[in-house]
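Residue-level structure breakdown
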Amino acid sequence: MKNTIAIVGRPNVGKSTLFNRLVGQRKAIMDNESGVTRDRHYGYGEWIGKYYTVIDTGGYVHNSDDIFEGEINKQVKLAIDEADVVLFMVDVDAGIHHLDEEFANVLRRYQGKKPIYIVANKADTNSRIHASGEFYTLGVGDGEIFPISSQSGSGTGDLLDAVVSHFEEEGVEEPDAGVPKIAIVGRPNVGKSSFVNLLLGTDRSIVTDIAGTTRDSIQARYNAFGNEFILVDTAGLRRKTKVHEDVEFYSVLRSLRALEESDVCIVMLDATRGIEAQDVNIIGLADKNRKGIVILVNKWDLIENKETNTAKDFEAKILEKIAPIAYPPIIFTSVLTKQRVHKAIETAVQVYENKRKKVPTSELNEVMLREIEKYPPPISKGKLVRIKYVTQLPTHNPVFAFFCNLPQYVKESYTRYLENRLRENFGFEGTPIGIVFRKK
């Protein structure tokens with residue numbers, strides 16, 4: 001990506017607040033708890049006609065035994081490698097911290113290779129602005145310290161003036177505009193981040209055995225089967241009663257927003273636990289939002305003594321639980337053994353194509369009027385419904401309008417019959433279908 005800014009530094013210096021300021025919206029989760037941001041998090045902004053990408057990173061910690069902090073450090077280094085300009089954030093209020101000195105040692109490797117600016121946050125008074133000079137002793141950066149307040153925005157204009165001076169191109173306003181989004185959703189610890197990392201061939205998201213590792217929704221570009229997509233790894237969705245921390249609450253909100261903004265949802269289940277109430281809720285939510293759905297049963301390798309009908313019986317239980325939703329394809333996979341992982345993404349791509357499918361009106365009428373003739377709408381309250389014509393409406397999802405004399409007398413059971421015939425004749429696997437009746 002061109003025109004990329006990485007915000008780095010130790011925990012709790014205000015990196016996510018600056019990130020939100022530079023992208024102009026509350027995208028990153030902010031909390032007083034150290035280590036809230038874990039993965040690399042991307043956003044987009046513009047300054048004096050130049051568009052840029054901003055990477056928010058987790059707080060860098062040296063020589064820690066904490067499993068998250070080791071992984072966060074790896075993500076920070078990946079962000080620095082990816083960036084055109086690095087913003088090393090420090091806290092004027094706290095002064096020079098030993099972790100600032102440790103991180104300055106890391107940044108020295110990049111000195112001269114890319115612009116590095118020390119950003120002294122919380123400099124919201126004249127005395128604090130004056131105190132920011134002490135950070136020159138860190139010995140990194142391009143010779144200038146920028147005292148700012150990421151909370152109020154003061155000083156960020158001067159900082160951005162300096163940053164965008166390194167961008168030769170104007171950049172792209174919204175690099176992801178129009179690119180289809182596939183969101184990976186599910187309960188905590190079902191393997192969502194491992195699945196995304198396997199597809200991308202890189203540690204895009206931090207993966208541990210601890211449920212709730214992913215907090216923000218993480219986006220990454222992915223090319224598959226001749227198409228470019230955005231994969232969105234989300235925090236695990238659990239019942240409201242199980243959400244205790246503020247941070248987790250906001251994580252869940254962002255996962256729900258990622259679901260709402262996606263085109264296709266890959267809903268991951270844990271084969272060892274079967275389909276649980278929360279899985280049913282997530283699938284219902286995706287259906288309610290009219291998303292394409294692929295159900296991915298992960299950890300299939302852990303199911304012992306599999307027989308010929310094991311998968312078929314498992315599939316039947318899923319369909320029974322999520323009824324009347326019957327259109328999502330179900331794939332049994334193991335991210336650990338890489339079993340049918342690419343089949344899952346291939347299916348998601350096909351579901352996206354199904355969402356965009358347009359059936360010619362002549363073909364639609366030829367097939368569906370024949371199906372209606374075979375089984376006409378049942379008489380309701382002595383009224384005979386005659387369907388004369390059908391067409392697909394120009395909507396984002398497939399919606400079909402059936403024109404008839406008495407639309408108010410068509411029963412729900414007959415609507416289901418028409419949906420089944422549409423799917424049988426034209427596909428639309430994994431895609432919700434809308435049916436409306438209009439008077440003619």
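On a predicted model such as this, the values are computed, not experimentally measured, just so you know.

Reading the values: rules and limits
- Residues numbered from 1 in each chain as written.
- Predicted model: local features only at pLDDT ≥ 70, side-chain atom pairs only at ≥ 80, totals over all residues.
- Heavy atoms only, no water.
- Salt bridge = Lys/Arg side-chain N within 4 Å of Asp/Glu carboxyl O.
- Buried < 20%, exposed > 50% of the residue type's maximum accessible area, 1.4 Å probe, protein only.
- Helix = DSSP H or I, 4+ residues; strand = E, 2+ residues; numbered from the N terminus.
- Pairing = 2+ DSSP bridges.
- Axes fitted to C-alpha atoms, helices over the stretch in contact; angles between N-to-C directions.
- Contact = heavy atoms within 4.5 Å.
- Right-handed = clockwise from strand over helix to strand, strands pointing away.
- Parallel < 35°, antiparallel > 145°, perpendicular 65-115°, else oblique.
- Nonpolar A, V, L, I, M, F, W, Y, C, P; charged D, E, K, R; others polar.

As a working rule, side chains carrying opposite charge can pair if their charged atoms are close by. Tallied over the full model, the rule gives 13 salt bridges. As a salt-bridge pair, arginine 273 and glutamate 276 come within 3.1 Å of each other at their nearest N and O atoms. On the basis of relative accessibility, which here comes to 25%, the residue glutamate 276 falls in the partly exposed class. Between arginine 356 and glutamate 353 there is a salt bridge; the shortest N-O distance is 3.5 Å. One end of the pair, arginine 356, and the other, glutamate 353, are both in helix H10 (residues 341–356), three residues apart, so they sit about a helical turn from each other. Judged by relative accessible area, which is 47%, arginine 356 ranks as partly exposed. Where salt bridges share partners, they join Arg187, Arg273, Glu276 and Asp279 into one cluster.

In this section: the sheet that holds strand S14 (residues 399–404). The sheet built from three strands is open, its strands ordered S13-S14-S15 with mixed pairing. The open sheet has two free edges, formed respectively by strand S13 (387–392) and strand S15 (434–439), since each of these has just one partner strand. Put simply, the sheet's adjacent strands are angled 25 degrees from each other on average, direction ignored. Of the pairings in the sheet, the one linking S13 to S14 comprises five bridges and is antiparallel in character. For tyrosine 389, the partnering residue across the bridge sits in S14 and is phenylalanine 403. Lying on the sheet, helix H12 (residues 412–426) is in contact with S13, S14 and S15; it crosses S15 at an angle near 120 degrees.

Now for the sheet that holds strand S4 (residues 85–91). The pairing of strands in a sheet happens through backbone hydrogen bonds and is either parallel or antiparallel. On the basis of which strands lie adjacent, the open sheet formed by six strands has the order S2-S3-S1-S4-S5-S6 and mixed pairing. The sheet terminates laterally at strand S2 (41–47) and strand S6 (145–147), the two strands that pair on one side only. Across this sheet, the average inter-strand angle for adjacent strands is 30 degrees, counted without regard to direction. Pairing analysis gives seven bridges linking S2 to strand S3 (residues 50–56), with the strands arranged antiparallel. What sits directly across from glutamate 46, in S3, is tyrosine 51.

Moving on: the pairing of S15. With six bridges joining them, S14 and S15 adopt parallel strand pairing. From the neighbouring strand, phenylalanine 403 faces S15, where its bridge partner is arginine 438. In this view, the connection linking S14 to its parallel neighbour S15 by way of H12 has right-handed handedness.

For the rest of this paragraph, the subject is the packing of helix H6 (residues 192–200) against H10. At a closest axis distance of 11 Å, the pairing of H6 and H10 adopts a crossing angle of 90 degrees. Looking at the two axes, H6 sits roughly perpendicular to H10. Of H10, the residues touching H6 (which contributes Phe195, Leu198 and Leu199) are Val341, His342, Ala344 and Ile345. Here the residues of the contact of H6 with H10 sort into six nonpolar, one polar and no charged.

These values are about where atoms sit, not about what they do.
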